[in-house]
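# An overview of the molecular structure
For reference, the chains in residue letters:
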Amino acid sequence: MVIEVKLREKYDIVIERSALSRIGEIVNLDRKVLVVTDSGVPKEYAAAVVSACKTPVLVTVEMGEGSKSIETYTHLLSLMLENGFTRGDAVVAVGGGVVGDLSGFVAASYMRGVDFYNVPTTLLSQVDSSVGGKTAVNLSGIKNCVGAFWQPKGVVIDPTVLKTLSPRQFNSGMAEVIKMAATLDKELFEMLEGGNFYENIDEIIARAVDIKRRVVEADEREGGLRRVLNFGHTVGHAIESEKNMTLYHGECVALGMLPMCSDEVRGRLASLLELANLPTKTDCDPDKIVFGIAHDKKLYDDKIKTVYVNEIGTFEIREEKLSDFSNKVREVLS
Ligand code: MG
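Residues numbered from 1 in each chain as written. Predicted model: local features only at pLDDT ≥ 70, side-chain atom pairs only at ≥ 80, totals over all residues. Heavy atoms only, no water.

Moving on, we get to the environment of Gly236. Following the sequence through the fold, Gly236 ends up in helix α9 (residues 233-242). In sequence terms Gly236 and Glu65 are 171 residues apart; their C-alpha atoms lie 17 Å from each other. Other than its neighbours up to four places away in sequence, Gly236 contacts Cys252, Val253 and Gly256. (Helix = DSSP H or I, 4+ residues; strand = E, 2+ residues; numbered from the N terminus. Contact = heavy atoms within 4.5 Å.)

Now the structure itself:
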């Protein structure tokens, strides 16, 4: 299945079992290609891309957020320069969000931009970060401090790669799918309530990617609608840093969604999260969560703006007093 993303420049997202084995037919690799992967990704995935390139340069960065650094970024640019890459050459990311963000930014900035292709190998990156063109590295402990919007020339999603993903990582990706369904697609939410995620994963990916496509097309530079994607992320990010990254992103988003909805939605949401083996309670101190948010968002005026779901498949942007917000977080999560 092919989903066409219509931004200033169009590109295709190909969702196809075993697409990796014929990637040379799907994207133009008949040139110099920097293939970027990380040490946590099974080697055969990058190898499949390398074998389809005319002149590949393979680089394997360390697994983890630490590779989204200016140092690694500089290293990749230097590799391209040493190997004589020109504007007509390309970068391909094979991995999760870290590899995609890092190599996307390399592609965005090398000689003012070269072609970028993304081959996401985690469910989270397939349904989320591979669509939208956000690329970045971290600086001085600030996440995504330096980056650019740089749309890929193409995204290749091969659902069969998910067989090597740990169940916990799979579930973490499902949290973002559930987030999109809860805010924008009631029908998908109902389908998910039926379970069988692995069996239905091709359709789940396609529907989630299509939701994200709609949002990004409507709001490429994050001025309005794209904020809906932050559902669960305000509280989620606070839990993520409070827990020192020991919880996965999706697990934190799962927790973060629960205080931000009506009682009725919360009941269904909690059941679905449990079905997906995602947490619905945390031992995280609610005061620390709220303090983290207030500090992070520099809230001086005692009000906080969040995405709220009153009814499945819809959302609103709500502004509430920090004290009300904090009571809700306390009540729901502990
Ligand atoms: Mg997220």
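Still to come is the rest of the account.
Attention now moves to the pattern of salt bridges. One pass over the structure, following the stated rule, counts 23 salt bridges. Salt-bridge contacts for Arg22 lead to Glu16; the nearest nitrogen and oxygen are separated by 2.7 Å. Owing to a relative accessible area of 29%, Arg22 belongs among the partly exposed residues under this scheme. For the salt bridge of Arg207 with Asp185, the shortest nitrogen-to-oxygen distance reads 3.3 Å. Placement of Arg207 in helix α8 (residues 201-218) and of Asp185 in the loop between α6 (167-184) and α7 (186-192) is noted, with a sequence separation of 22 residues between them. On the basis of relative accessible area, Asp185 is assigned to the buried category, the value being 10%. Through salt bridges with shared partners, a single ionic network connects Glu65, Lys68, Asp101 and Lys143. (Salt bridge = Lys/Arg side-chain N within 4 Å of Asp/Glu carboxyl O. Buried < 20%, exposed > 50% of the residue type's maximum accessible area, 1.4 Å probe, protein only.)

A few words now on the environment of Gly100. Structurally, Gly100 can be placed in helix α4 (residues 97-109). Judged by its relative accessible area of 9%, Gly100 is buried. In sequence terms Gly100 and Arg8 are 92 residues apart; their C-alpha atoms lie 21 Å from each other. Leave out the neighbours within four places in its chain, and Gly100 touches Ala93, Phe116 and Asn118.

Considered domain by domain, the protein is made up of domain 1 (2-164) and domain 2 (167-333). Distance between the C-alpha centres of domain 1 and domain 2: 26 Å. Contacts between the two partners involve 25 residues from domain 1, matched on the other side by 25 residues from domain 2. Carbon and sulfur atoms supply 65% of the area buried between domain 1 and domain 2, which totals about 2,200 Å² over both sides. It is Leu123, Val127 and Phe149 in domain 1 that bury the most area against domain 2; as a group they hold 25% of the surface buried on that side. Our count for the contact surface shared by domain 1 and domain 2 stands at two salt bridges. Between Lys212 and Asp128 there is a salt bridge, and its shortest N-O distance comes to 2.9 Å. The tally of links from domain 1 across to domain 2 stands at five residue pairs in polar contact (both at pLDDT 80 or more). (Domains from an automatic or database assignment. Buried area = accessible area lost by both parts, 1.4 Å probe. Polar contact = N/O pair within 3.5 Å; in protein donor to acceptor, adjacent residues only side chain to side chain.)

Here the focus is the nonpolar core. Where a protein is soluble and globular, its nonpolar side chains tend to be buried together. Core analysis: the biggest nonpolar cluster contains 69 residues, and Ile13, Ile178 and Leu192 have the highest contact counts within it. Looking at this core element by element, the count peaks at nine residues for α8. A domain-level breakdown of this core finds at least three residues from each of domain 1 (2-164) and domain 2 (167-333). Apart from the residues lying within four places of it in its own chain, the contact partners of Ile178 are Phe189, Leu192, Met257, Leu269, Leu272, Leu273, Ala276 and Leu278. Counting residues in hydrophobic clusters, the runner-up holds 23 residues, among them Leu34, Val59, Tyr73 and Val114. (Core = buried A, V, L, I, M, F, W, Y, C linked by side-chain atoms within 4.5 Å.)

Turning next to the pairing of strand β2 (residues 10-15). With five bridges joining them, strand β1 (residues 2-6) and β2 adopt antiparallel strand pairing. Among the inter-strand pairings, Ile3 is bridged to a residue of β2, identified as Ile13. Summarising the sheet, β2 and strand β9 (residues 154-157) pair through four bridges and their orientation is parallel. Paired with Val14 across the two strands is Val156, which belongs to β9. (Pairing = 2+ DSSP bridges.)

A separate point is the coordination of the magnesium ion. For the magnesium ion, the protein coordination sphere consists of Glu176 (OE), His233 (NE2) and His249 (NE2), at 2.0 to 2.2 Å. Sequence spacing among the residues donating to the magnesium ion works out to E-x56-H-x15-H. Placement of Glu176 in helix α6 and of His233 in helix α9 is noted, with a sequence separation of 57 residues between them. (Donors = N, O, S within 2.8 Å, 3.2 Å for Na, K, Ca; no water.)

Another point: α8. With 18 residues, α8 extends 26 Å between its outermost C-alpha atoms, agreeing within 8% with the 26 Å of an ideal straight helix rising 1.5 Å per residue. What α8 keeps buried is the set Ile201, Ile204, Ile205, Ala206, Ala208, Val209, Ile211, Lys212, Arg213, Val215 and Val216. Elements in contact with the buried residues of α8: β1, β2, α5 (123-129), β9, α6 and α7. (Expected span 1.5 Å × (residues − 1).)

Turning our eyes to something else, we now look at the packing of α6 against α8. Where α6 contacts α8, the axes come no closer than 10 Å and their chain directions differ by 55°. Here α8 runs oblique to α6, going by the angle between their axes. Like other packed secondary-structure pairs, α6 and α8 cross with a definite hand, here left-handed. Note on element contacts: α8 touches α6 through Ile201, Ile204, Ala208, Ile211, Lys212 and Val215, opposite Phe170, Met174, Val177, Met180 and Leu184. (Axes fitted to C-alpha atoms, helices over the stretch in contact; angles between N-to-C directions. Parallel < 35°, antiparallel > 145°, perpendicular 65-115°, else oblique. Left-handed = near helix turned anticlockwise from the far one by under 90°.)

With the rule as written, the count across this model stands at two aromatic pairs. For the pair Tyr73 and Phe105, a centre-to-centre distance of 4.7 Å together with 15° between the ring planes defines the contact as stacked. With a gap of 32 residues between them, Tyr73 in helix α3 (residues 70-82) and Phe105 in helix α4 connect regions that are remote in the sequence. Across the pair, exposure class does not vary: Tyr73 and Phe105 are buried alike. Ring plane angle 10° and centroid distance 4.0 Å describe the contact between Phe170 and Tyr198, whose orientation is recorded as stacked. In this pair, Phe170 is assigned in helix α6 and Tyr198 in the loop between α7 and α8, connecting sequence segments 28 residues apart. For Phe170, a relative accessible area of 1% translates into the label buried. Looking at Tyr198, the relative accessible area reads 45%, which means it is partly exposed. (Phe/Tyr/Trp six-rings, centres within 6.5 Å; stacked < 30°, edge-to-face > 60°.)

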